[in-house]
Amino acid sequence: MLLAACGNKEAKTKETIKTVEVKMPEFQNKGHELVYKMTQETGSYQDLLNLKDIVFNYTYRTPDQKEDISIESYIFDGELSHGTYLKHERTLPDLKGKMQQGYNGKDFWLKIDGQEITDSTAIASVTFTRKTNFYWLAMMQKLLDPGINYEHLGQDSVDGEIYEMVKITFTSSDDVATDIYHLYINPKTHLVDQFLFTVVSKNVSDPLLMRVEYENIEGILLMTYRKYTKSDWEANEINDAWVEEITKDIKFNQNLDRALFNN
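The numbers attached to residues start from 1 for each chain and follow its sequence in the written order. With the structure being a predicted model, the display of local features is reserved for residues of pLDDT at least 70 and the display and counting of side-chain atom pairs for 80 or more, all residues being used for whole-chain, interface and lining totals. Side-chain measures were taken over the full set of non-hydrogen atoms in the model, leaving aside hydrogen atoms and water.

(A) The overall build of the chain, seen in detail. Scanning the chain from terminus to terminus reveals 4 helices and 13 strands. Judged by the C-alpha coordinates and their principal axes, the chain covers about 85 × 45 × 35 Å. Exposed residues in this analysis have more than 50% of their type's maximum accessible area, buried residues have under 20%, and partly exposed residues fall in between, with area computed by a 1.4 Å probe over protein chains only. Residues counted as buried form 43% of the 263 residues belonging to the chain. Contacts between residues were defined by any pair of non-hydrogen atoms, one from each residue, lying within 4.5 Å. Sequence separation of at least 24 residues holds for 46% of the intrachain contacts in the chain that already meet a minimum separation of 6. Areas reported as accessible are Shrake-Rupley estimates using a 1.4 Å probe. Residue values count occlusion only from the protein chains shown. With an accessible surface of roughly 14700 Å², the chain has 49% of that area assigned to carbon and sulfur atoms. Labels follow the DSSP assignment, with helices taken as runs of H or I lasting at least four residues and strands as runs of E lasting at least two, numbered in each case from the N terminus.

(B) Structural context of the side chain of R226. Mapped onto the fold, R226 is located in strand β12 (residues 220-230). Distance and chemistry together define a polar contact, namely a pair of N or O atoms within 3.5 Å, with one atom able to donate a hydrogen and the other to accept it when in protein, and with adjacent residues in sequence counting only for side-chain atoms on both sides. A distance of 3.0 Å separates the side chain of R226 from the backbone oxygen of M223, its partner in a polar contact. Filtering out sequence-adjacent residues up to four positions away, R226 remains in contact with Y58, W136, M210, R211, V212, V243, E244, E245 and T247.

(C) Spotlight on the pattern of salt bridges. Each reported salt bridge corresponds to a side-chain nitrogen of Lys or Arg within 4 Å of a carboxyl oxygen of Asp or Glu. Considering all chains together, one arrives at 12 salt bridges under this definition. When the shortest N-O distance is used, the salt bridge between K37 and E33 registers 3.8 Å. Placement of the pair is K37 and E33 together in helix α2 (residues 30-42), with a separation of 4 residues, close to one helical turn. For K37, a relative accessible area of 34% translates into the label partly exposed. A relative accessible area of 28% means that E33 is categorised as partly exposed. With a shortest N-O distance of 2.6 Å, K142 and E79 are connected by a salt bridge. Highlighted residues: K142 in helix α4 (residues 120-142) and E79 in the loop between β2 (67-75) and β3 (80-88), separated in sequence by 63 residues.

(D) Fine view of the pairing of strand β4 (residues 99-103). The element β4 is extensively covered by neighbouring structure, given that 4 of its 5 residues are classed as buried. Pairing analysis gives 5 bridges linking β3 to β4, with the strands arranged antiparallel. Of the residues in β4, the one forming a bridge with T84 is Q100. Two strands pair if DSSP finds at least two bridges between them. Pairing between β4 and strand β5 (residues 108-112): 5 bridges, direction antiparallel. Within β5, the residue paired with M99 across the bridge is I112. The antiparallel hairpin formed by β4 and β5 contains 4 residues in its connecting segment, where G105 sits at a positive phi of about 100°.

(E) Structural view of unusual backbone geometry. Although it is not a glycine, E79 sits at a positive phi angle of roughly 55°. What makes E79 partly exposed here is its relative accessible area of 28%. Of note in this structure, A235 is not a glycine but carries a positive phi near 65°. Note on placement: A235 falls in the loop between β12 and β13 (243-252).

(F) Looking closely at the confidence of the model for the chain. Confidence in the prediction for the chain averages 91 pLDDT; 90% of positions are at 70 or higher. pLDDT is defined as a per-residue confidence score from the predictor, taking values between 0 and 100. Throughout residues 1-22 the model reports pLDDT below 50, and contacts reaching past four residues in sequence, or to other chains, amount to 0 contacts.

(G) Representation of the nonpolar core. Throughout this description, the term nonpolar core refers to a set of buried Ala, Val, Leu, Ile, Met, Phe, Trp, Tyr and Cys residues connected via side-chain atoms within 4.5 Å. If you look at the biggest cluster of nonpolar residues, it comprises 42 residues, and the most contacted ones within it are M139, L183 and F195. The element best represented in this core is α4, accounting for 7 residues. With sequence-adjacent residues up to four places away left out, F195 is seen in contact with W136, M139, M140, Y181, H182, L183, Y184, L208, L209, M210, V212 and M223.

Next up, the structure:
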């Protein structure tokens, strides 16, 4: 009787097993598919949302060795951003004192030694810095955001390494010019080893070349070292003057209070 029962149970189990099919997303083209495969390695923006928030130390160093050093705090839901500056030789250097910047999901704000600064030029600088710092941290995960256009440009060789080239542009509802990115995706690792980019908001339409290094933090690959310089569209460096960006002491899921992001 026991053998018969086990046999019936096994048969019933086999009957109830169904094949689970993993549905691939619909891709615009091969470029879109390559970016999707890249996010399978780095983690997606949903993975960042699952980790809630992040705190890290950030250094931005120009070729003349001027530095911004800040403690950056972000909440991924809403892309809330806060920076406490230990040094700001490059960002608003004329404003002396302890600088804090923030974005609460609606407004950008600035304080020096606890006093709010409302000067429009200073707030414009804060707006650019808060958006840019957040984007550089989460760029690879955000490359599947809505409103992105992908174009596969074929292959190119850099220092003997073959790369898949993907052009990224951004849809603008008001026909305002947007940035252009050329990603160099390593087909062996599926990661972006370097990319070209413009900064239209700063009137930089000639490309800059960014080279990156990653670190695995709780299963997410983040660009923790970046450096960029002037380039042409073939990724040839125009000079050897590099800006460095260093991200250290990264901690996810710090239970940040949203009140931190309000002025």
